[in-house]
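The chain contents come next:
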Amino acid sequence: MPKNLRVKSSNFIDETTRVSFKFNGKNYHGFKGDTLASALLANGIHLVGRSFKYHRPRGIMTAGSEEPNAIVQVGNDKAITEPNVRATEVEIYNGLEATSQNCWPSVNFDIGGINNLLSPFLPAGFYYKTFMWPASFWEKYEYLIRHSAGLGKSPTKPDTDIYDHKYVHCDVLVIGGGISGIMAAKTAAQNNLKTLLLDEKTEIGGTTIYQNSDNFKIENKVSSEWLTNEISSLKKLDNLEIKTRTSVAAYHGYNFLLARENLTDHLSASEKKNKVRQRLLKIRAMKVIVATGSLERPLIFNNNDRPGIMLSSAVKKYVDYYGVICGEKNVFFTNNDSAYESAISLSKKGIKVNAIVDIREKSESLIIKEAENLDIKIYWSHTVVDTHGYKKLKQISIMKLSEDAQSVIGSRINVDCDCLGVAGGWTPAVHLFTQSGGKLKFRDVDQVFVPNKYPSKQISIGSCDGDFELDKIIKNSSSSLKDFLEIDKTDYENLSVVNSKEANKKNIWLLPSDKVIGKTKPFVDYQNDATAKDIKLALREGFRSIEHVKRYTTTGMGTDQGKLGNMHALGIIADTTGVKMGELGTTTFRPPYTPLTFGTIVGRNVGEYFDIFRRTPMNDWHIENKAKFENVGQWKRAWYYPQNNESMHEAVQRESLAARASAGILDASTLGKIDIQGSDTSEFLNRVYTNAWSKLEIGKCRYGLMLNEDGMVYDDGVTTRISENHYIMTTTTGGAANVMGKLEDYLQTEWPELDVYLTSVTDHFATASVCGSNSKKILNKLIPDLNLSDENFPHMSFKEAQIGKIKCRVMRISFTGELSYEINVQANYGKSLWEQCMEAGKEFNITPYGTETMHLLRAEKGFIIVGQDTDGTMTPIDLQMDWIVSKKKYDFIGKRSLYRSDTMREDRKHLVGLATDDPKEVLEEGAQIVSELNQSPVQMLGHVTSSYFSPNLNKSIALAVVRGGKSMLGKKLFIPMESRTINVTVTDSVFLDKENERLNA
Amino acid sequence: MFIINCPFCGERDQSEFKAGGEAHIERPKQPTELNDEEWAEYLFMRKNIKGIQFERWNHAHGCRKWFNMLRDTSNDEIKLIYKMGEKSPIE
Ligand SMILES: [Zn+2]
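Rules used throughout
Residues numbered from 1 in each chain as written. Chains lettered and ligands numbered in written order. Predicted model: local features only at pLDDT ≥ 70, side-chain atom pairs only at ≥ 80, totals over all residues. Heavy atoms only, no water. Helix = DSSP H or I, 4+ residues; strand = E, 2+ residues; numbered from the N terminus. Buried < 20%, exposed > 50% of the residue type's maximum accessible area, 1.4 Å probe, protein only. Contact = heavy atoms within 4.5 Å. Areas by Shrake-Rupley, 256 points an atom, 1.4 Å probe, with all protein chains shown as cover. Lys, Arg positive; Asp, Glu negative; His and termini not counted. Charge placed at Lys NZ, Arg CZ, Asp CG, Glu CD. Donors = N, O, S within 2.8 Å, 3.2 Å for Na, K, Ca; no water. Salt bridge = Lys/Arg side-chain N within 4 Å of Asp/Glu carboxyl O. Buried area = accessible area lost by both parts, 1.4 Å probe. Polar contact = N/O pair within 3.5 Å; in protein donor to acceptor, adjacent residues only side chain to side chain. Nonpolar A, V, L, I, M, F, W, Y, C, P; charged D, E, K, R; others polar. Disulfide = S-S within 2.5 Å. Pairing = 2+ DSSP bridges. Axes fitted to C-alpha atoms, helices over the stretch in contact; angles between N-to-C directions. Parallel < 35°, antiparallel > 145°, perpendicular 65-115°, else oblique. Left-handed = near helix turned anticlockwise from the far one by under 90°. Domains from an automatic or database assignment. Core = buried A, V, L, I, M, F, W, Y, C linked by side-chain atoms within 4.5 Å. 1 Å grid on protein atoms, 1.4 Å probe; cavity = no way out; pocket = protein on both sides within 12 Å on 5 of 7 lines; lining within 4 Å. Points joined across faces, edges and corners; volume = space filled by probe spheres on them.

Student: It is not clear to me how the overall build of chain B should be interpreted in this structure. Could you clarify?
Tutor: The secondary structure content of chain B amounts to one helix and six strands. What you see in chain B, going N to C, is helices and strands ordered as β-β-β-α-β-β-β. Viewed in the frame of its principal axes, chain B has a C-alpha envelope of about 45 × 30 × 25 Å. Counting all 91 residues of chain B, 35% fall into the buried class. Intrachain contacts of chain B at a sequence separation of at least 6 include 46% that bridge at least 24 residues. Within the structure as shown, chain B displays about 5,500 Å² of accessible surface, and the carbon and sulfur contribution to it stands at 47%. Charge-centre separation for chain B: the mean point of 14 positive side chains lies 5 Å from the mean point of 16 negative side chains.

This is the structure in structure tokens:
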């Protein structure tokens, strides 16, 4: 039966409500209000994990989000389990299951612990040095490293929780609900500013809320009582919103911040059902007040990582806030007055404090007098040189510091101790400030970085601004608030404050031991197992930049980003190299401040909402007729329509034959459509297309090719002149938005004198393209009034017509080489149009075909697809499309680039056709082409861009880009594949109907 | 994430806008008169300075208008926004 490790004094723990939970498979209980860490400590459990590299036993070290050791896996469901959670932040609930990470088979017996014995062979950079060679072994090394590292388990099933995003706007955002944050929020809200106060903890109040000592008084009340009153008046203010369990993850420029509001993680499974788990707040604040407080520093000494060694402030919080005793034989180890606060707290509750080890020679503050009066033994000018106890601290060894504090003198004194509270002073939590672009300055007197230059409308107040004593915090926060909020007064001027601590501290980054450093383990980064020794080794090996040392030793690279030890790492580098701290710079703290779940980041954008998509008006028909779909840009396009268990190949072969033999129909609604009007439209088209547009008659269509200013093919499509000053341009499906943007750009910025207006009308129209030798008969049935004769309605022309009451625009244009009509109707009539085409085409076996058949049919004709046969490095000349480039036009976009020395090279890649020796052989798209097989290194001439088996020609066809291809007609080339080589011959790129007779079939 | 004051719509979130590179690079009126070097200067050469830079921006998810911006790239401070066609106020 474990001893009672609870004291009855906590206002924050509800001892009437027992909570049952499991840790590493065993049942425990705590009380409502406990964190997993406080509940485990109350059960006498310190050992909660193993370290990353040496697998050393590690215990709970802190009581907050900076925790480096007590990292657990919460939940054992395959869908809902979260790794890397700080036990100090998990609020317990009935049914909570948590397990230790980074140990196997169990935290008490861990095989990886052997690394600890091997540690002389695992110095900084070990992985880099050992696993570098040979490179081909890396896959095996990686497996081993990852296997033994094991930073928790990812869920293996989709997350069933609900997450949310919310935009929030406020006049003043206050980050941190400690004493200065509360002062700020109240002052802002009182002055009619819409205020939002965020705090990562369960309750606001910071550390003051459990400060029940007469050593710290405000207006003659103990500070916790004074603050409690402030909080109750704060909560009555109208224009203030308080969000707790909300941690600010990122602070970007222009006062844009991201915060994660945790809504249900503290609830049991039944309570949290169907509720939003976490919400990502996207906050835009006029002004930001950062009151994020400070983190207590550990001290760096030999074996400073054993379970039972904790931050002094954490020991205090566990007893004062949670009512939990961390140890029965307590010792504090300090370089400043704060450890005395903790010692007095324990002592007054009847908990034994064996000693305080203070590296200073003396301190005269009131709080020290009180500790002496409580008969606590103080060892001045002493340091801890070693600690003992493998899974739990048992004893420490201390020695007297030499005059210069660089070494120790005398002999070891052993002190029994199962909990050592270390107090190394305070580090302002400037993480968010620096994320926002703020610059720090180094304050020599107490060796801290404090905010210097604010990049936006923000201030830091309280201990994150470097004020660590109560009187200073109140005085400076009050005057900062007055200036920042531009107000005449605050409630906090002239308060009477009692503060019994003094700021005096003695800073030694690496404390000396009686052993040489090579024989010691002074941990700087607990999570990543980086020691002071590793940092010194990195410096010896020539690393100088703090960013390089950090990466080489992995200091600060863990999930805690080294919140505790980064300052010490800097300090040790400064001491070793003789560079001043202020000149060394700091490493960058990157968002998020604490890890975010992927669920929070994606919010509701999961499943079908993950990526936006568009469907055509005919979509339902395609689904009813079993179409397979492919993504083209944002569109879901019908890919092919398999019948009776056809494979894709079989379906495409059937569709391709039918489309030429009789009739085919394609949903072409996704083509980009831009309505262009204005008296200068033909001039505009002249400038954006490579060919001439001035003479295009009303009612006629023309194919155009658009280049980038660098001469490379950008897009293509057919543009139709509807009336004198009215044209409709079509673009590729994927290029529509970009083409629109490009045309607008030129009109607005280069040619504002042109009278041209652009409107994107892509989804105003639905388009059915009917092709094949019987397409004219089908159209005649569909639109009997329309004269379809070649004289009245020739290829590349346009008519307005009506199908019943539906108005339509019909273009006789072809992308398949067949006689073909594109019928455009208002989008709402799209499905009706399609169904009427199918009905009219029934007797001709009209065959719906998808994008795959479209690609095959156009390849038979050698028509390019921009983006498939081109890749942003192909000019029209490279594509052997010289015919479309006007020689007469003075200028068009990209023209000048066609005469650059580089674009005129003869050995550029050109588009050609390829015929395989074996006509049944279908090449792989992307396959590389060579002319010599036994070359070393082999020269790649180009690659296959399009390849199909053509059912109409009964042989394979392929398009390819080949270096100097224009002059290679008839040449034999080779395509080396994994197991064999395919022989091909360069051909013309038009495979079928070179005379274009089928257009007038 | 900036707040950008579109000269046509007012202050909007950066996510509504698209950056369009360096401003005040006029497309040559007679490209064919230029030699390769002069054309390359127009086509490829862009400043990318740490400090105050003239930039083109487009209110892509708004009025779709292009405008010019004077931005300090070292801290993202927007010094000035003015319409296309207006002369750069600082040379
Ligand atoms: Zn706008």
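Student: What am I meant to see in the coordination of the zinc ion here?
Tutor: Donor atoms from the polypeptide that coordinate the zinc ion comprise Cys6(B) (SG), Cys9(B) (SG), His59(B) (ND1) and Cys63(B) (SG), at 2.0 to 2.3 Å from the metal. A relative accessible area of 2% means that Cys6(B) is categorised as buried.

Student: I keep staring at the pattern of salt bridges and nothing clicks. Help me out?
Tutor: Where charged atoms of side chains with opposite charge meet at close range, the side chains can pair. Residue and element names in this part refer to chain A. What the rule picks out here adds up to 65 salt bridges over all chains. One salt bridge connects aspartate 164 with arginine 279, and the closest N-O pair in it is separated by 3.7 Å. Taken together, the residues span a long stretch of sequence, with aspartate 164 in strand 8 (residues 162-175) and arginine 279 in strand 15 (residues 276-290) at a distance of 115 residues. Lysine 482 is the partner of glutamate 493 in a salt bridge, and the nearest nitrogen-oxygen pair spans 2.9 Å. Pair noted here: glutamate 493 is in the loop between helix 12 (470-485) and strand 29 (497-499) and lysine 482 is in helix 12, with a separation of eleven residues, a long-range link. Put simply, Asp164, Glu241, Lys243, Glu261, Arg279 and Arg604 are held in one network by salt bridges that share partners.

Student: Which parts of the structure should I look at to understand the interface of chain A and chain B?
Tutor: Interface size, as often reported, equals the accessible area lost upon joining of the parts. At the interface, 27 residues of chain A touch 27 residues of chain B. In this assembly, chain A packs against chain B so that about 2,300 Å² is buried in total across both faces, 46% of it on carbon and sulfur atoms. Summed over the shared surface of chain A and chain B, the number is six salt bridges. Notably, a salt bridge pairs Arg896(A) with Asp36(B), separated by 2.8 Å at the nearest N-O pair. Where chain A packs against chain B, one counts 19 residue pairs in polar contact (both at pLDDT 80 or more). Here the side of chain A that touches chain B is built from residues that sort into nine nonpolar, eight polar and ten charged.

Student: I'm lost on helix 20 (residues 681-688) of chain A in this one. Help?
Tutor: Quick reminder: α-helices carry 3.6 residues per turn. Residues three or four places apart thus point the same way. All names here are of chain A. Burial within helix 20 is extensive, with six of its eight residues counted as buried. Among all positions of helix 20, only Thr681, Phe684, Leu685, Asn686, Arg687 and Val688 are buried. Those residues of helix 20 that are buried lie in contact with strand 35 (672-677), strand 36 (701-707), strand 37 (713-723), strand 38 (726-731), helix 21 (736-750) and strand 39 (757-760).

Student: Quick question: what am I supposed to make of the state of the cysteines here?
Tutor: Note on terminology: a disulfide is the covalent bond linking the sulfur atoms of two cysteines. Across all of its chains, the model carries zero disulfides over all chains by this definition. We note that Cys808(A) lacks a disulfide partner, and the nearest cysteine sulfur, in Cys837(A), lies 9.1 Å from it.

Student: I'm lost on the sheet that holds strand 24 (residues 419-423) of chain A in this one. Help?
Tutor: Each strand in a sheet pairs with another by means of backbone hydrogen bonds, the pair being arranged parallel or else antiparallel. Residue and element names in this part refer to chain A. Spatially, the five strands line up as an open sheet ordered 17-24-18-19-20, and their pairing is parallel. Among the strands making up the open sheet, the edge pair consists of strand 17 (309-311) and strand 20 (378-380). Within the sheet, the average angular offset between the axes of one strand and its neighbour, ignoring direction, is 20 degrees. In the sheet, strand 19 (residues 353-358) pairs with strand 20 via three bridges, with the strands oriented parallel. Across the sheet, residue isoleucine 356 finds its bridge partner in strand 20, namely isoleucine 378. On top of the sheet, helix 9 (residues 338-348) reaches strand 18 (330-334), strand 19, strand 20 and strand 24; it is set at about 165 degrees to strand 18, its chief contact.

Student: How should the packing of helix 5 (residues 179-190) of chain A against helix 12 of chain A be read in this particular structure?
Tutor: Residues and elements named next belong to chain A. Axis separation between helix 5 and helix 12 bottoms out at 10 Å; the angle between their running directions is 30 degrees. Taken together, helix 5 and helix 12 sit at an angle that is classed as roughly parallel. You can see that helix 5 and helix 12 cross each other, and the crossing is right-handed. Residues Ile179, Ser180, Met183, Ala184, Thr187 and Ala188 of helix 5 form the contact with helix 12, whose participating residues are Leu470, Ile473, Ile474, Ser477, Ser478, Leu481 and Leu485. Split into classes, the residues belonging to the contact of helix 5 with helix 12 amount to nine nonpolar, four polar and no charged.

Student: Honestly, unusual backbone geometry in this entry has me stumped. Any pointers?
Tutor: Most peptide bonds take the trans form, and the phi angle of most residues other than glycine is negative. Pro592(A) follows Pro591(A) through a cis peptide bond whose omega is -5 degrees. Here Pro592(A) lies in the loop between helix 16 (581-584) and helix 17 (598-602). Omega for the bond connecting Ser936(A) with Pro937(A) falls within 30 degrees of zero, at -5 degrees, which places this linkage in the cis form. Assignment of secondary structure puts Pro937(A) in the loop between strand 46 (928-929) and strand 47 (942-950). A positive phi angle is found at His24(B), which is not glycine, with a value near 60 degrees. Along the polypeptide, His24(B) turns up in the loop between strand 3 (18-22) and helix 1 (36-44).

Student: Explain the domain arrangement of chain A here, please?
Tutor: Residues and elements named next belong to chain A. Along its sequence, chain A is carved into domain 1 (14-130), domain 2 (162-294 + 428-490), domain 3 (298-424), domain 4 (522-590), domain 5 (671-767 + 776-844) and domain 6 (862-1000). Centre-to-centre, using C-alpha coordinates, domain 2 lies 31 Å away from domain 3. The interface is formed by seven residues belonging to domain 2 together with eight residues belonging to domain 3. Interface area, domain 2 with domain 3, both sides summed: about 710 Å², of which 50% is carbon and sulfur. Inspection of the domain 2/domain 3 interface yields zero salt bridges.

Student: I keep staring at the pairing of strand 5 (residues 71-74) of chain A and nothing clicks. Help me out?
Tutor: Note on strand geometry: in a regular strand, side chains alternate between the two faces of the sheet. All names here are of chain A. Where burial is concerned, the two faces of strand 5 agree: the one with Ile71 and Gln73 and the one with Val72 and Val74 are both buried. Relative to strand 7 (residues 96-100), strand 5 runs antiparallel, the two being bridged by three bridges. Residue pairing across strands places valine 72 opposite serine 100, the latter belonging to strand 7.

Student: Honestly, the nonpolar core in this entry has me stumped. Any pointers?
Tutor: Across soluble globular proteins, you tend to see nonpolar side chains buried next to one another. Residues Leu36(A), Ile289(A), Tyr318(A), Phe333(A) and Leu420(A) are the most contacted members of the largest nonpolar core, which totals 119 residues. Among the nonpolar cores identified, the runner-up in size contains 33 residues, and Met618(A), Ala638(A), Leu788(A) and Ala840(A) belong to it.

Student: Would you mind going over the environment of Phe598(A) with me for this structure?
Tutor: The residue Phe598(A) is located in helix 17 in this model. As a C-alpha pair, Phe598(A) and Asn619(A) span 21 residues in sequence and 33 Å in three-dimensional space.

Student: Just to check I follow, could you spell out the sheet that holds strand 11 (residues 221-222) of chain A for this structure?
Tutor: All names here are of chain A. Pairing in this open sheet of three strands is antiparallel, and the strands run 11-10-29 from one edge to the other. Single-partner strands in this sheet number two, and they are strand 11 and strand 29. Where strand 10 (residues 216-218) meets strand 29, three bridges bridge the pair, whose relative direction is antiparallel. Bridge pairing in strand 29 places phenylalanine 216 opposite asparagine 499.

Student: What is the right way to look at the environment of Tyr54(A) in this model?
Tutor: On the secondary structure map, Tyr54(A) appears in the loop between strand 3 (47-50) and strand 4 (57-59). Along the chain, Tyr54(A) and Ala530(A) lie 476 residues apart, while their C-alpha atoms are 10.0 Å from each other.

Student: I tried to follow empty space enclosed by the protein on my own but got confused; where do I start?
Tutor: Unoccupied space between atoms shows up once a probe the size of one water molecule is rolled over them. Residues and elements named next belong to chain A. A full pass over the atoms with the stated rule returns six cavities of 30 Å³ or more. Within this model, the largest cavity holds a volume of roughly 270 Å³. Of all elements in the fold, only strand 25 (426-428), helix 11 (431-435), helix 14 (546-553) and helix 15 (566-577) reach the threshold of two or more residues within the lining of the largest cavity. Per element, the largest residue contribution to the lining of the largest cavity is five residues, and it comes from helix 15. Here the residues of the lining of the largest cavity are counted per class, giving 15 nonpolar, eight polar and two charged. A domain split of the lining of the largest cavity shows at least three residues from each of domain 2 (162-294 + 428-490) and domain 4 (522-590).

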